[in-house]
Amino acid sequence: MALLLMAAPLVAQESRNHEVRKGDTLWDLAGHFYGDPFLWPCIHRANEGLVANPHLILPTWNLTIPPPGSDCREGGLVAEAAPSPRAGFSRTVFYPRPDDADAGLFLEDVAGGPIVSAREFLAAPWLSGAALPVERGRVLETLGREAPGSQLPETAHPHETVYLSGQGDAPEIGERLLVVRYGREVAGHGVVVSPRAVAAVTSVDGDVWMTRIIAQFDEVRTGDRAISMTAAPDLGTGRPVTVEDGSVGRLLGFVRNHPLPGSPDIGFVDLGDPAGVRVGDLIGLIMPERPAREDQTRTLPPELVAESRVIRVHEGSATVRVLKVAEPVLESGMVAQVLRRMP
């Protein structure tokens, strides 16, 4: 079976320059140069004199691409650089296994760090279940202003001051809140809750709370909700082990609906805490046994078509990131089964 190949990250050890081409974004450039699109603030900070709005870069601009390192840390939330290649293999962690050349391309679990980073956990969307998170406040406006005549919607930037219209008890100075936005409803499992940023409270004036963006995952706009932070689970350095007869559920869908979902799309399965699912578990997405389209008297066997990593778990569902795809046939309702479980 053919696999969809992913581009190898180009992890530089010293600063380099990149001339912006049509279609470039900071997100894509971070994914290309660092292997992690969440490191885009690193590039933005290195080019703040040129890039006023991180959501808009123009062709012919010459950007500095710094090496990932201490400059890619945000308020204590470390954005990890792409793992180093293993000795004896090429520059990337994607490689054919030497003892099974026909097995295709695999993503090796690189030892030495958490299999799911704290940043990836915090940025992961989830399904709300029966009740929405308790709302602490809403984004009122930012301290900065968009350039006069700008046609772009106003959005907060990393490290910018954001005012919240607070609700209920005032937070402590220094308390961190998660800014989220609600998306579509998934029948029986609530709505999609998408984290946008982590904001630290800097001052409180009645029902107006001043915060600073210390980690940003997506656009932050007026009306976005602020909720209490959920403590990250123990993201140890262990690696999942193969299990037999792992928990079985269903794929509920993806955050972004498009014709050919695949790596690294984010999706949801109906396997949560009650099923014993943990962050880091490996879940296979399986085409079930089914009648052949051309001959209904014949039955096609089940087939593993993709593997995904659990990056967040809730009571009735888990959020997964697709790691590799053997066949581009991912769709809601297909079987999801735990293949490897965290120890």
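Note that the structure is a prediction, hence the values are computed from the model and not measured. (Residues numbered from 1 in each chain as written. Predicted model: local features only at pLDDT ≥ 70, side-chain atom pairs only at ≥ 80, totals over all residues. Heavy atoms only, no water.)

**Description of the overall build of the protein chain**
Right, so step 1: Scanning the protein chain for helices and strands turns up three helices and 22 strands.
Right, so step 2: Within the span of the protein chain, comprising 343 residues, buried residues form 45% of the whole.
Right, so step 3: Relative to all contacts within the protein chain whose residues are 6 or more apart in sequence, the contacts with residues 24 or more apart total 68%.
Right, so step 4: Just so you have it, the protein chain exposes about 17,500 Å², and 52% of that area is on carbon and sulfur atoms. (Helix = DSSP H or I, 4+ residues; strand = E, 2+ residues; numbered from the N terminus. Buried < 20%, exposed > 50% of the residue type's maximum accessible area, 1.4 Å probe, protein only. Contact = heavy atoms within 4.5 Å. Areas by Shrake-Rupley, 256 points an atom, 1.4 Å probe, with all protein chains shown as cover.)

**Some remarks on the packing of aromatic side chains**
The geometry of an aromatic ring pair is captured by two quantities: the separation of the ring centres and the angle between the planes.
Right, so step 1: Scanning all chains against the criterion turns up zero aromatic pairs.
Right, so step 2: Geometry around Phe-121 places Arg-312 over its ring, the cationic atom sitting 4.4 Å from the centre.
Right, so step 3: Sitting over the face of the ring of Trp-126, Arg-312 holds its NZ or CZ atom 4.1 Å from the ring centroid. (Phe/Tyr/Trp six-rings, centres within 6.5 Å; stacked < 30°, edge-to-face > 60°. Lys NZ or Arg CZ within 6 Å of the ring centre and 35° of its normal.)

**Description of unusual backbone geometry**
Apart from glycine, the bulk of residues carry a negative phi angle, and the bulk of peptide bonds sit in the trans form.
Right, so step 1: The omega angle of the peptide bond from Ser-263 to Pro-264 is 0°, so this bond is cis rather than trans.
Right, so step 2: Checked against the element boundaries, Pro-264 lands in the loop between strand E15 (248-254) and strand E16 (266-269).
Right, so step 3: For Thr-60, which is not glycine, the phi torsion reads 85° and is therefore positive.
Right, so step 4: Of note, Thr-60 is situated in the loop between helix H2 (40-46) and strand E2 (62-65).
Right, so step 5: On the basis of relative accessible area, Thr-60 is assigned to the exposed category, the value being 60%.
Right, so step 6: A positive phi angle, near 55°, is found at Asp-245, a position not held by glycine.
Right, so step 7: With respect to the helices, strands and loops of the structure, Asp-245 is situated in the loop between strand E14 (241-242) and E15.

**Things to note about helix H1 (residues 26-34)**
Right, so step 1: Among the residues making up H1, those that are buried are Leu-26, Leu-29, Ala-30, Phe-33 and Tyr-34. Each buried residue of H1 lies within a common arc of 100° when the element is viewed along its axis, so the set occupies one face.
Right, so step 2: Where H1 is buried, its residues meet strand E1 (16-19), H2 and E2.
Right, so step 3: The first or second residue beyond H1 is Gly-35, which carries a positive phi of 80°. (Arc of directions from axis to C-beta.)

**Things to note about the confidence of the model for the protein chain**
Right, so step 1: With 80% of its residues at a pLDDT of 70 or more, the protein chain shows a mean pLDDT of 80.
Right, so step 2: Across residues 1-12 the pLDDT falls below 50, and counting only partners more than four positions away or on other chains, this stretch makes 36 contacts in the model.
Right, so step 3: Long-range and interchain partners of residues 73-111, a stretch whose pLDDT sits below 50, account for 73 contacts in this model, where long-range means more than four residues apart. (pLDDT = per-residue confidence, 0-100.)

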